[in-house]
Amino acid sequence: MEKTMEDGIGEVLEDDDYLKLYKKIFYAVGEKGDFSHMLYTVSANLIDEGNEVENKWFNVGAPETSWSNIEQRKDVVGWLGDAVYDGDEYRTSFGMDDYIADLDADNIAYMTTNEKSLVEAMNEYYDELQKAGDEYRTEIFVKNNTFEEIEKAVLERLPVYDNNGDGNLNYKDLEKIDKYKDTYDFLKRLKLYSEP
């Protein structure tokens, strides 16, 4: 998405400048994120039973997006799928629209309970997001899913080694791999919220 925007405006942007421009455009169009993506992901997170739900699935064409249980299915349909699937262009695509949709979906699904309907959870979440600011989205996501769990889930699905030679397999090993630039940026952003 960043490359597309750069092509459209005819200049190369630093990550901070891209996010500022994206937010400016996002607010200019009435703060409409990828709403259908978000609702699909919420739905996939909330439905656990029934004949139509496959809690074990192997994707031959993209094995990194396969799942073997309910929790993996929920994550792969949302943030984990965007973080590991390299698509037709052989690079992950996890732009701000995906980030907003996936984190909002996960946060709202987490808040939805037998006592709190989806509509109530959405209203509560977006009211708090408006009051607290954009950081709230990431803070709640990292609270519900620890950074360590997220990082582990991503790295288990990618063919990544200790590329930076620090003796540890972690998100920093993705930094210099162009194919996983969006994944690295996603994990780096979350890491900031995982530290006390």
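Residues numbered from 1 in each chain as written. Predicted model: local features only at pLDDT ≥ 70, side-chain atom pairs only at ≥ 80, totals over all residues. Heavy atoms only, no water.

### Focus on the overall build of the chain
Stated precisely, the cut-off is as follows: Only DSSP runs of H or I covering at least 4 residues are called helices, and only runs of E covering at least 2 are called strands; the numbering of each starts at the N terminus. Using a 1.4 Å probe, the Shrake-Rupley method yields the accessible areas, and only the shown protein chains count as cover for residues.
Helix and strand counts for the chain come out as 10 helices and zero strands. Each helix (α) and strand (β) of the chain, taken in turn from the N terminus, gives the series α-α-α-α-α-α-α-α-α-α. Roughly 11600 Å² of accessible area belongs to the chain as shown, and the carbon and sulfur atoms make up 50% of that amount.

### With respect to the nonpolar core
Selection criterion: In plain words, nonpolar cores are sets of buried Ala, Val, Leu, Ile, Met, Phe, Trp, Tyr and Cys residues tied together by side-chain atoms within 4.5 Å. Relative accessible area decides the class of each residue, using a 1.4 Å probe on protein chains only: under 20% of the type maximum gives buried, over 50% gives exposed, and in between gives partly exposed. Note on contacts: a residue pair qualifies if any of its non-hydrogen atoms lie within 4.5 Å across the two residues.
By size, the foremost hydrophobic cluster in this structure holds 29 residues, and its most contacted members are Trp79, Phe141, Val154, Leu174, Phe186, Leu187 and Leu190. Contributing elements (two or more residues each) for this core: α4 (70–77), α5 (79–84), α6 (96–111), α8 (135–144), α9 (147–157) and α10 (181–194). The element contributing the most residues to this core is α9, with five residues. Not counting residues up to four positions away in its chain, the partners in contact with Val154 are Trp79, Leu80, Ala83, Val84, Thr183 and Leu187.

### As for unusual backbone geometry
Glycine aside, a negative phi is what most residues show, and trans is what most peptide bonds show. With a phi close to 55°, Tyr90 is a non-glycine residue in the positive phi region. Along the chain, Tyr90 falls in the loop between α5 and α6. For Tyr90, a relative accessible area of 60% translates into the label exposed.

### Digging into α6
What counts, and what does not: Any helix carries an expected span of 1.5 Å times its number of residues minus one.
Here α6 contains 16 residues, and its C-alpha end-to-end distance of 22 Å stays within 8% of the 22 Å for a straight helix at 1.5 Å per residue. Of all 16 residues in α6, 15 are buried, a share of seventy percent or more.

### Quick look at the confidence of the model for the chain
Put simply, the rule reads: Each residue carries a pLDDT value, the predictor's own confidence for that position, ranging from 0 to 100.
Put simply, the chain has an average pLDDT of 84, and 84% of its residues get 70 or more. Averaged pLDDT values over the elements of the chain bottom out at 57 in helix α1 (residues 2–9) and peak at 96 in α9.

### Let's talk about the pattern of salt bridges
Stated precisely, the cut-off is as follows: Between Lys or Arg on one side and Asp or Glu on the other, a salt bridge is scored when a side-chain nitrogen of the former is within 4 Å of a carboxyl oxygen of the latter.
Summed over the entire model, instances satisfying the criterion amount to eight salt bridges. For Arg137, the salt bridge is made with Asp134, and the minimal N-O distance between the two is 3.9 Å. Note on Arg137: relative accessible area 7%, which makes it buried. Look at Asp134 and you get partly exposed, because its relative accessible area is 27%. The partner of Lys181 in a salt bridge is Asp185, with the nearest N and O atoms 2.8 Å apart. Of this pair, Lys181 and Asp185 both sit in helix α10, four residues apart, which is roughly one turn of the helix. Via salt bridges that share partners, Asp104, Asp134 and Arg137 belong to a single interconnected network.

### A short note on α8
Most of α8 sits inside the fold, with seven of its 10 residues counted as buried. Within the span of α8, buried status applies to Tyr136, Arg137, Thr138, Ile140, Phe141, Val142 and Asn144. The secondary structure elements touched by the buried residues of α8 are α5, α6, α7 (118–132), α9 and α10.

### Description of the packing of α6 against α8
Test applied: To get an axis, a line is fitted to the C-alpha atoms, and for a helix only the part in contact is used. The angle between two axes follows their N-to-C directions and goes from 0 to 180 degrees. Convention used here: angles under 35 degrees read as roughly parallel, angles over 145 as roughly antiparallel, angles from 65 to 115 as roughly perpendicular, and any remaining angle as oblique. By convention the crossing between two helices is left-handed if the near helix lies anticlockwise of the far one by an angle smaller than a right angle, and right-handed if it lies clockwise.
Running from N to C, α6 and α8 point in directions that differ by 55°, and their axes come no closer than 9 Å. Judged on the interaxial angle alone, α8 and α6 are oblique. For the pair α6 and α8, the sense of crossing is left-handed. For the pair α6 and α8, the contacting residues are Tyr99, Ile100, Leu103, Asp104, Asp106, Asn107 and Tyr110 in the first and Arg137, Thr138, Ile140, Phe141 and Asn144 in the second.

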